[in-house]
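Residue-level structural notes
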Amino acid sequence: PLRRCSSTPATATAAAATKAASTSTTGSAGTNGASSSALPTATAMPDIEPLSTADSAALVRSFLWPERWRLAGGFVLLTASSSISLVFPRVMGEVMDGCLSGGGSWTPDTAALALFALSGVQAGLVAYRGYIVNMAGESVSASLRSRAFSSLMLASTAFHDSAATGELLSRLSADAEALQRVVTTHALNGLRGVIMVGGCSLAMVSLSPKLCLVSFATFPAAVLLSRHMGKRIKARQRAVQEALAAAAAEAHSALLNVRTLRLFAAERLASERYDERVRAARDEAATAGLYAAAVESGVGLAMQSSLLSVLAVGGQQVLDGALSYGELSSFFMYTLFLGFNAGNIATAYAELRRAAGASERVLALIGRPPPLTV
């Protein structure tokens, strides 16, 4: 019976595997070139010049335009549900003032019933909004995959000979999914954050302009931090997608040549090479996550500082009689809403930058398709 040997015979085995695997394919035709190790090396997709920001935005708009009515409906429902959320602090403040003064137009029972009814309406709006926005996201993702696949089908044979099939599959799957998440999650959270921040700001100004200025004092630092770190996040996320595509290409190459690997006992080498690619992607993703965490923590610190400033100045205004307890309570709730949604905006911005880096290659593949030559 045959045995798998170690030491010197293993070296000869690996060398034989190198020669055998070099004649295998990294695609389906068997002509993608030789390798320098026991596995055929998965070559990267040939560089395609990335699109400019304006061209990328125009291309994304072309995918969004067929779903404009669904997206517009989602925006209307989002505005309506966010407006309901803005009613809660003001009503609660009036109820508190009414309870303390022994009068007022709202009693605790009627206020609770009214807010419960509004909560039911809001729940229905959120559910329907989620449905139509998810449908729009799925349609955008399907269109993107179809356009990218058509572009690949029209590419030259030289392009396919020099590109790893696994990486091309990664462009059709992971990159398209990144753009879908933008439509269904990140952009939606960002828009809701903008609406809530705008509404809370107007409500805070109506309650106390002076206290509103105190609350906004920490915002410029948070905006500058988000803008600075956003550029780094985009660059790192592009590197993450490149590393994931390389891992997919390595896996495709190994699985395509699994008989050769087993013949020469090179399965462990294949696993080591795939693990190396995966670790590289993990390291890049960890760096991108670190930048995103820095944005979130910086914005969170700014919001906590804002809240403490409101507590100090607003409490003194209540003691001076310039502000009622109910108005201060409403202002506190609006400040909390403002901080929470400002954090959502920062997170959405970071994720949008990550998605921009992740989808850069697939958009370039569609916007600047490889030349059609024989």
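These remarks concern the structure in this document. (Residues numbered from 1 in each chain as written. Predicted model: local features only at pLDDT ≥ 70, side-chain atom pairs only at ≥ 80, totals over all residues. Heavy atoms only, no water.)

**Some details on the overall build of the chain**
Helices and strands together make up the secondary structure of the chain, namely twelve helices and zero strands. Burial analysis of the chain (374 residues in total) assigns 40% to the buried set. Long-range pairs, those at least 24 residues apart, make up 85% of the contacts in the chain with a sequence separation of at least 6. Entry remark: accessible area of the chain is about 19300 Å², with carbon and sulfur atoms responsible for 64%. (Helix = DSSP H or I, 4+ residues; strand = E, 2+ residues; numbered from the N terminus. Buried < 20%, exposed > 50% of the residue type's maximum accessible area, 1.4 Å probe, protein only. Contact = heavy atoms within 4.5 Å. Areas by Shrake-Rupley, 256 points an atom, 1.4 Å probe, with all protein chains shown as cover.)

**Quick notes on the environment of Arg236**
Note that Arg236 resides in helix α8 (residues 219-256). Residue classification places Arg236 among the partly exposed residues on the basis of a relative accessible area of 30%. Put simply, Arg236 and Ala288 are 52 residues apart on the chain and 5.4 Å apart in space, counted from C-alpha to C-alpha. In this structure, Arg236 is in contact with Glu284, Thr287, Ala288 and Tyr291, ignoring residues within four places of it in sequence. Separated by 2.8 Å, the side chains of Arg236 and Glu284 make a polar contact. (Polar contact = N/O pair within 3.5 Å; in protein donor to acceptor, adjacent residues only side chain to side chain.)

**Examining the nonpolar core**
Counting residues in hydrophobic clusters, the biggest one holds 19 residues, and the most contacted among them are Leu59, Phe63, Leu144, Leu152, Phe159, Leu363 and Ile366. Within the residue set of this core, elements represented by two or more residues are α2 (53-64), α4 (108-153), α6 (165-207) and α12 (360-367). Sorting elements by how many residues they give to this core places α6 first, with five residues. Contacts of Phe63, omitting those with residues within four sequence positions, involve Val140, Ser143, Leu144, Arg147 and Ile366. (Core = buried A, V, L, I, M, F, W, Y, C linked by side-chain atoms within 4.5 Å.)

**Details of the pattern of salt bridges**
Going through the model one piece at a time under the given rule, you end up with five salt bridges. Two residues, Arg70 and Glu67, come together in a salt bridge whose shortest N-O distance is 3.2 Å. According to the relative accessible area criterion, Arg70 is partly exposed, its value standing at 34%. Glu250 is the salt-bridge partner of Arg273, the closest N and O atoms lying 3.3 Å from each other. A residue pair is termed long-range when its members are at least 10 positions apart, and Arg273 in helix α10 (residues 267-320) and Glu250 in helix α8 qualify at 23 residues. When its relative accessible area of 2% is taken as the criterion, Glu250 is described as buried. Each of Glu250, Arg273 and Arg277 takes part in one network of salt bridges that share partners. (Salt bridge = Lys/Arg side-chain N within 4 Å of Asp/Glu carboxyl O.)

**Looking at a nonpolar patch on the surface**
A cluster of nonpolar side chains, contributed by Phe75, Val76 and Leu191, occupies part of the molecular surface with about 270 Å² of accessible area. The topology assignment puts Phe75 in helix α3 (residues 68-101). (Patch = residues over 30% accessible without salt bridge, like charges linked within 9 Å, V, L, I, M, F, W, Y side chains within 5 Å.)

**Structural notes on α12**
In an α-helix there are 3.6 residues to a turn, and that puts residues three or four apart on one side. Judged by how many residues are buried, α12 sits mostly within the fold: seven of eight residues are covered. Where α12 is concerned, the buried positions are Glu360, Arg361, Val362, Leu363, Ala364, Leu365 and Ile366.

**Regarding the side chain of His186**
In this structure, His186 sits in helix α6. Of the residues examined, His186 reaches a relative accessible area of 12% and is grouped as buried. The contact partners of His186, leaving out residues within four places of it in the chain, are Arg181, Ala348, Glu351 and Leu352.

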